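Here is what each chain is made of, one letter per residue.
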Amino acid sequence: MISFFLAVFFLVITPGPGVLSTAGVGSAFGRAAGLRYVTGLFVGNNLVALAVVSGLAAIVLAVPVVRNILLVLSLVYLLYLAFRIATAGAKIAFIESAREPGIFAGIALQLINPKAYAVNTTLFTGFPFFADTLAWETILKFALLNVIWVPVHLLWLTAGIMIKRLELSPRIQFRINLMMALAMLAVVALALFANF
């Protein structure tokens, strides 16, 4: 169970579309909008986890055409996010939008987020600790995942809000943007590597 707990922590805290966009929403729109967005991400992540546990994701992704279409759509979206971040210049812009993204935007992002599927598949199919009682193990894994997931995303939200308040120099903001864009590209590379 300890290895599961550590795996959840490290898989959830590492940069991916969910946490980077959470920081971006916090930076651009503040705490209230950020909390709505995180609520959507939370619901979306649990829907992805349910799809993985129930086998629905495996059935849908077993159809090569569907799997490839979903992979291309999610990778294009992630590349778009990386491009928007990298070209934001000297303004920290995890994401930029004219409208506050809400609950639905968070749910939608998780449903096309390859990291969400990879993390949930890894966590629910690996790290057995109650092999004789799969139902109890699955319930406990859901609980542990969410106990870690919520505070990590709230930390990223707070980080986004605080970075905006720091009023960093344009050069530092530009470097932060490049690091975030590279992190997004790393997620894309990992998704491609995992699927080919």
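Residues numbered from 1 in each chain as written. Predicted model: local features only at pLDDT ≥ 70, side-chain atom pairs only at ≥ 80, totals over all residues. Heavy atoms only, no water.

1. Some words on helix α3 (residues 31-54)
Stated formally: Where helices and strands are cited, they refer to DSSP runs of H or I of at least four residues and of E of at least two residues respectively, numbered from the N terminus. To estimate how far a helix should extend, the number of its residues minus one is multiplied by 1.5 Å.
The first and last C-alpha atoms of α3 sit 34 Å apart over 24 residues, in line with the 34 Å expected at 1.5 Å per residue. Downstream of α3 by one or two residues, Gly55 has phi in the positive range, about 90 degrees.

2. Things to note about a nonpolar patch on the surface
Test applied: Patch membership requires over 30% relative accessible area and the absence of a salt bridge. Like charges are linked within 9 Å, and nonpolar side chains (Val, Leu, Ile, Met, Phe, Trp, Tyr) within 5 Å. Computed by Shrake-Rupley with a 1.4 Å probe, the accessible areas treat only the displayed protein chains as cover when residues are assessed. Put simply, a salt bridge is a Lys or Arg side-chain nitrogen that is within 4 Å of an Asp or Glu carboxyl oxygen.
There is a patch of nonpolar side chains on the surface, built from Leu56, Val60, Val63, Val65, Val66, Ile69, Leu70 and Leu73 and spanning about 640 Å² of accessible area. Among the elements of the structure, α4 (56-62) and α5 (64-86) are those that each provide at least two residues to the nonpolar patch. At five residues, the largest contribution of residues to the nonpolar patch is made by α5. In this fold, Val60 is placed in helix α4.

3. Notes on the packing of aromatic side chains
In plain terms, the rule: Between the rings of Phe, Tyr and Trp (Trp by its six-membered ring), a pair exists once the centres lie within 6.5 Å; its type follows the angle of the planes, with under 30 degrees stacked, over 60 edge-to-face, and the other angles tilted. The buried label applies to any residue whose accessible area, calculated with a 1.4 Å probe on protein chains only, is under 20% of its type's maximum; exposed applies above 50%, and partly exposed to all values in between.
Applying the stated rule across the entire model yields two aromatic pairs. With centroids separated by 4.8 Å and ring planes inclined at 45 degrees, the aromatic side chains of Phe124 and Phe142 adopt a geometry described as tilted. With Phe124 in helix α7 (residues 114-125) and Phe142 in helix α8 (residues 134-166), this residue pair connects regions lying 18 residues apart in the sequence. Pair check on accessibility: Phe124 and Phe142 agree, each one buried.

4. Notes on the pattern of salt bridges
Counted according to the given criterion, the structure contains one salt bridge. A salt bridge links Glu137 to Lys141, with the nearest nitrogen and oxygen atoms 3.0 Å apart. Linking Glu137 with Lys141, this pair stays in helix α8, spanning four residues, or about one helical turn. Just as Glu137 is buried, Lys141 falls in that class too.

5. Points about the environment of Thr138
For clarity, the cut-off: Whether two residues are in contact is decided by their heavy atoms, any of which lying within 4.5 Å being enough. As used in this structure description, the phrase polar contact means that two N or O atoms lie within 3.5 Å; if the pair is within protein, one of them must be able to donate a hydrogen and the other to accept it, and residues adjacent in sequence are counted only when both atoms belong to side chains.
Mapped onto the fold, Thr138 is located in helix α8. As for Thr138 and Leu123, which are separated by 15 residues in sequence, their C-alpha atoms are 9.8 Å apart. Not counting the four nearest positions on each side in its chain, Thr138 is found in contact with Val53 and Phe124. Only 2.8 Å separates the side chain of Thr138 from the backbone oxygen of Leu134, close enough to count as a polar contact.

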